[in-house]
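One-letter residues, chain by chain:
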Amino acid sequence: MMIVTEQLKKVYGKEKIVAVDNVNLSVDKGEIFGLIGPDGAGKSSIFRMLTTLLIPDGGSATVNGFDIVKDYKKIRHCIGYMPGRFSLYQDLTIEENLQFFATVFNTTVSENYHLIKDIYCQIEPFKDRRAGKLSGGMKQKLALCCALIHKPEVLFLDEPTTGVDVVSRKEFWDMLKNLKQMGLTILVSTPYMNEAALCDRIALIQSGKILSVNTPEKLVNNYGETLYTVTGGNMYKLLNLLRSYEGTDSCFAFGNSLHLTLKYQTKKDTVVAYLQEEGFKDAAIQETIPGIEDCFIKLLKTN
Amino acid sequence: MTQLLSFIKKEFKHVFRDKKTLLMLFGLPTIQILLFGFALTNEIKNTRVTVLDYAQDNISKELISKIDNSKYFDIISNVNTEQELESEFRKGNAKIAVVFPAGLEGELKHNKKATVQLIADASDPNSATTISNYFNNIIHEYNGLNISKSPLPMQILAEPKMLYNPELKGAPNFVPGVIALVLMLVCTMMSSVSIVKEKELGTMEILLVSPFNPIFIIISKLMPYMIISIFNLIIILIMSVTLLDLEIKGSIMLLIFASTLFILTSLAIGLLISATAKTQQSAMMISLTGMLLPTMLLTGFMFPIENMPLPLKLLSNIVPSRWFFIIIKNVMLKGLGFSSIWKQLLILLGMCTFLLRVSIKKFKIRLQ
C-alpha cells in the first residue's frame, strides 16, 4: 500500500465546516487512483493533508509507510506535488523553473531527464519563454515536469487538467499512463467524469464523504438499472414533464439529451406513448450504457 | 549549499525582472536624498536684508560688506528712515533689517561696546531664529577680528560654537536619518512582500513539500535583500559625499558593520510581518504604516526625543532605528570609534537575535 487513510477528517474555521469527513482510502503501489467529485467536495483538502501541508483534525494517514504528521520530513523527500492552481514562478523561464526545482530537490535536470523527456521535449522549443506567458496546456506540462524532476515515488496531482483544452488533456492522460509504466503511484483528482474512466480505480467524493471506491468498469457494471436517453422537443419542458411523471425513477439533463431511469414496472413504450400524448411528437427513447456520471448521480441520490 | 545558492540566484532574478521592485529599491533612497538634500532643507540661504545706516562710518561699512558677502544674506535695499524700513517689511521685501545707530564708531571707541539693532520678520519664528543666529555669527566673527587689534587685552566674549556642524548645514542631520529610514522601509517591505508573494502565488506550497529545509527558505529570502541593502547604503553614502559635500569622518567598515546589523533586524521584522499577512498588499500596508511613522517620529532626526513626553520617550526605546541613528551620527559625523557605540550595537544585536528567533519560530512549515 502506498497511501492509506483511516477516518481522515478536516474541519475548517469557527463554523466547524467539515471539508473531509472520515475518509478511508488505500492506494496500491503503481496505480493511478482518481478522486472524482465536484468543486468543494474536499479533494484539495485531502491532497494537502497527504502532502503534509495540513494537519488532519481526526484520523490518520500514511504515505509510503510514513505518518503524515510525525514523519512529514520523510514524506517530503519522496513525493511530487502539483497543486490545483498553477504554482510556478511566472517571471522565470521554463528552463529556469525546471532547474530551480531540480536543485531545490537536490538533484539535476540531466540526472532524471529520462522521466520527463517525453513531456519536456514538447515544451523545450519555448524554454526561454517566461512561465507566465505560456498557454494553459504548456503550463500544466511544465508543472508536471517540475513535480517529476526529483523522481518521486508518489505523484499528487490536484485537478491537473482544469482549464486545459481537450487535446492537451488527452495528451496529459497519455503521459500519466507512461509514468505508471515506470512504476509511479499517482493520486489524481478531477471534476471531469469522463477522465475517471482513465484511472485504475476511482473514489467518488461528495461533501467530504467517499460515496464509492471501485474500478471504473465495475462501477458502471454495478449500475444495476436500465438507462435510457430521451431526445426531442424542448429539453427543459421535457425534463419537467418526465420528472413529474409517475413512472419515472430519475431524470436529469445530460449534454443535449436526457438520461432517464424508470420504476420497476414501467415499460419504455408506455413512456413514449405518454410523451406523444403530451405533445412531444419527436420524442425518442433509447437504451444506453451508463457512464461514471450516471453512477455518481445515482450514488448521490441514494446517499 | 548549491540548493541555497540557486535559491538566492532565483531571488535576485525576481528583483531584477520586476520593474516596480527595482524602482522601489533604488528609486526610494535616491529620491529621499535629493528631496531632503535640496528641496526640504531647513538651511536658509539668500535671506533678503534691508540696511538702515545712520552711522555711515568705517565700522558700519565693513559690517555691511561682510553681510553682503555671506551666502546666507543678500542686501536688497538701503533705506534712510524707519518709516521706509517698516514699509519694506510690510511689502514683504525684507526678511531682516539691520540698523546701525549714529556714531557707532565713536561709541565703540569710547565705551568698548556698541549695539547694532537686528529686526527680523518673526511671522515664521523658526527661520527668524535661524537667520538671527547666522547674523550673530557674523557679528561675533567681526568682534573676534577686532580683539587682536584692540589695545585692551581683557575683553571677554561669549563665543558659541556649533560642534560637528559649524555652518548649521542641513545634510549632516538628515543623512543619518534617511539612511535609517530607507534601510528600515526597504528591508521590512521587501522581505515581507517577497515571502507573502510566494504564499499568494502558491509556490510556497511546492517549496514546503520539497525536502528543502524551511530555515534555508528564510536564509535565501533574506540574503538578497541584505546584499541589496548594503549596496543601497553605499549609494546613499556616495551621494551624500558627492552631492551634499558631507564627509564621512569615522571608519567606513564600522559603519557598514553596524548597518548590516540594523538591516538584519529590519529583515527579521519583515519576516515576522510575512507570518501574519495574507496578501502582498496587506504585507506592504503593514510595513509602510507600521514602520514609516515610528521610524520618522521616534528616531530623533525630525523631532528631538529629549523633548518628548515620557510615554513616547519609553516607546522610542524599542524602535531599532533610534539606536542605529545614534550609531551613524557618532561614526559618520563625529568620527568616533567602536568604544562610543558599543552600547547601541549591543542593543541592536539583542533586538536582532530576538526578532530572528521569534520570526523563525513563527515561520510556518505547513499551510495556515
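Residues numbered from 1 in each chain as written. Chains lettered and ligands numbered in written order. Predicted model: local features only at pLDDT ≥ 70, side-chain atom pairs only at ≥ 80, totals over all residues. Heavy atoms only, no water.

## Quick notes on the overall build of chain B
(1) Moving on: A count of helical and extended segments in chain B gives 14 helices and four strands.
(2) Moving on: For 368 residues, the compact-globule estimate of 2.2 N^0.38 gives 21 Å, and the C-alpha radius of gyration of chain B, at 28 Å, exceeds that figure by more than 25%.
(3) Moving on: By principal-axis analysis of the C-alpha atoms, chain B measures approximately 90 × 45 × 40 Å.
(4) Moving on: Across chain B, the fraction of contacts at a sequence separation of at least 24, relative to all contacts at a separation of at least 6, is 78%. (Helix = DSSP H or I, 4+ residues; strand = E, 2+ residues; numbered from the N terminus. Rg over C-alpha atoms; globule rule 2.2 N^0.38 Å. Contact = heavy atoms within 4.5 Å.)

## A short note on the packing of aromatic side chains
(1) Moving on: Scanning all chains against the criterion turns up 13 aromatic pairs over all chains.
(2) Moving on: For the ring pair A:F100 and A:F101, a centre distance of 5.2 Å and an interplane angle of 70° mean the geometry is edge-to-face.
(3) Moving on: On the accessibility criterion, A:F100 (4% relative accessible area) is buried.
(4) Moving on: Of the residues examined, A:F101 reaches a relative accessible area of 1% and is grouped as buried.
(5) Moving on: One aromatic cluster is present, built from ring pairs that chain together A:Y89, A:F100, A:F101, B:F7, B:F212 and B:F216. (Phe/Tyr/Trp six-rings, centres within 6.5 Å; stacked < 30°, edge-to-face > 60°. Buried < 20%, exposed > 50% of the residue type's maximum accessible area, 1.4 Å probe, protein only.)

## As for the sheet that holds strand β11 (residues 227–231) of chain A
Residue and element names in this part refer to chain A.
(1) Moving on: Read from one edge of the open sheet, four strands run β12-β13-β11-β14, paired in antiparallel fashion. Every interior strand has two partners, whereas the edge strands, β12 (248–254) and β14 (284–288), have only one. Here the strands of the sheet are splayed against their neighbours by 30° on average, with no regard to which way each runs.
(2) Moving on: The strands touched by helix α9 (residues 235–244) within the sheet are β11, β12 and β13 (257–262), with β12 carrying the most contacts at an inclination of about 165°.
(3) Moving on: Against the sheet, helix α10 (residues 268–277) contacts β11, β13 and β14, and its axis sits at roughly 155° relative to β14. (Pairing = 2+ DSSP bridges. Axes fitted to C-alpha atoms, helices over the stretch in contact; angles between N-to-C directions.)

## A word on the interface of chain B and chain A
(1) Moving on: Every contact between the two is made by 26 residues of chain B and, on the other side, 31 residues of chain A.
(2) Moving on: Together chain B and chain A conceal approximately 2800 Å² of surface at their shared face, both sides included; 58% is due to carbon and sulfur atoms.
(3) Moving on: Of all residues in chain B, the largest losses of buried area upon contact with chain A belong to B:R17, B:V209 and B:R366, amounting jointly to 26% of the total for that side.
(4) Moving on: Where chain B meets chain A, there are three salt bridges. (Buried area = accessible area lost by both parts, 1.4 Å probe. Salt bridge = Lys/Arg side-chain N within 4 Å of Asp/Glu carboxyl O.)

## What about the domain arrangement of chain B?
(1) Moving on: Domain annotation of chain B identifies domain 1 (2–39 + 170–367) and domain 2 (47–163).
(2) Moving on: Put simply, the middle of domain 1 of chain B and the middle of domain 2 of chain B, counted by C-alpha atoms, are 47 Å apart. (Domains from an automatic or database assignment.)

## A few points about the state of the cysteines
Residues and elements named next belong to chain A.
(1) Moving on: By the definition in use, this model includes zero disulfides over all chains.
(2) Moving on: Looking at the unpaired C121, the closest cysteine sulfur is the one in C145, lying at 9.0 Å.
(3) Moving on: Its relative accessible area of 42% is what places C121 among the partly exposed residues.
(4) Moving on: This cysteine, C146, is not joined by any disulfide, and C145 carries the nearest cysteine sulfur, 6.7 Å off. (Disulfide = S-S within 2.5 Å.)

## A few points about a nonpolar patch on the surface
All names here are of chain B.
(1) Moving on: A cluster of nonpolar side chains, namely I215, F216, I219, M223, I227 and I360, defines an oily patch on the protein surface of about 420 Å² accessible area.
(2) Moving on: Of the residues forming the nonpolar patch, the biggest block, five residues, is contributed by helix α9 (residues 214–242).
(3) Moving on: Considering the arrangement of structural elements, one finds F216 in helix α9.
(4) Moving on: Of the residues examined, F216 reaches a relative accessible area of 30% and is grouped as partly exposed. (Patch = residues over 30% accessible without salt bridge, like charges linked within 9 Å, V, L, I, M, F, W, Y side chains within 5 Å. Areas by Shrake-Rupley, 256 points an atom, 1.4 Å probe, with all protein chains shown as cover.)

## Some thoughts on helix α4 (residues 82–90) of chain B
Residues and elements named next belong to chain B.
(1) Moving on: Along α4, the positions that sit buried rather than exposed are L85, E88 and F89. Viewed end-on, α4 has its buried residues packed into an arc of 100°, placing them on one side of the element. Looking at α4, the residues exposed on the side facing more than 90 degrees away from the buried face are Q83 and R90.
(2) Moving on: Lining the buried residues of α4 we find β1 (47–53), β2 (73–79), β3 (96–100) and β4 (117–120). (Arc of directions from axis to C-beta.)

## Thoughts on helix α4 (residues 113–123) of chain A
(1) Moving on: Among the residues of α4(A), those classed as buried are A:L115, A:I116, A:I119, A:Y120 and A:I123. Each buried residue of α4(A) sits inside an arc of 100° when the element is viewed along its axis, so together they form one side.

## Observations concerning the pairing of strand β3 (residues 32–36) of chain A
Residue and element names in this part refer to chain A.
(1) Moving on: Counting buried residues in β3 gives five out of five residues, a clear majority hidden from the surface.
(2) Moving on: Burial along β3 is two-sided: I32, G34 and I36 facing one way and F33 and L35 facing the other are all buried.
(3) Moving on: For β3 and strand β8 (residues 185–190), the ladder comprises five bridges, and the chain directions are parallel. Bridge assignment links I36 to a residue of β8, and that residue is T190.

## Quick notes on the pairing of strand β1 (residues 3–12) of chain A
A regular strand carries its side chains on alternate faces of the sheet.
Residues and elements named next belong to chain A.
(1) Moving on: Relative to strand β4 (residues 58–63), β1 is paired through five bridges, and the arrangement is antiparallel. Paired with V4 across the bridge in β4 is T62.
(2) Moving on: Two elements, β1 and strand β2 (residues 17–27), share seven bridges in a ladder whose sense is antiparallel. The residue of β2 that forms the bridge with Y12 is I17.
(3) Moving on: Turn length for the β1-β2 hairpin, with the two strands adjacent in sequence and antiparallel, is four residues, and the turn residue G13 shows positive phi of about 70°.

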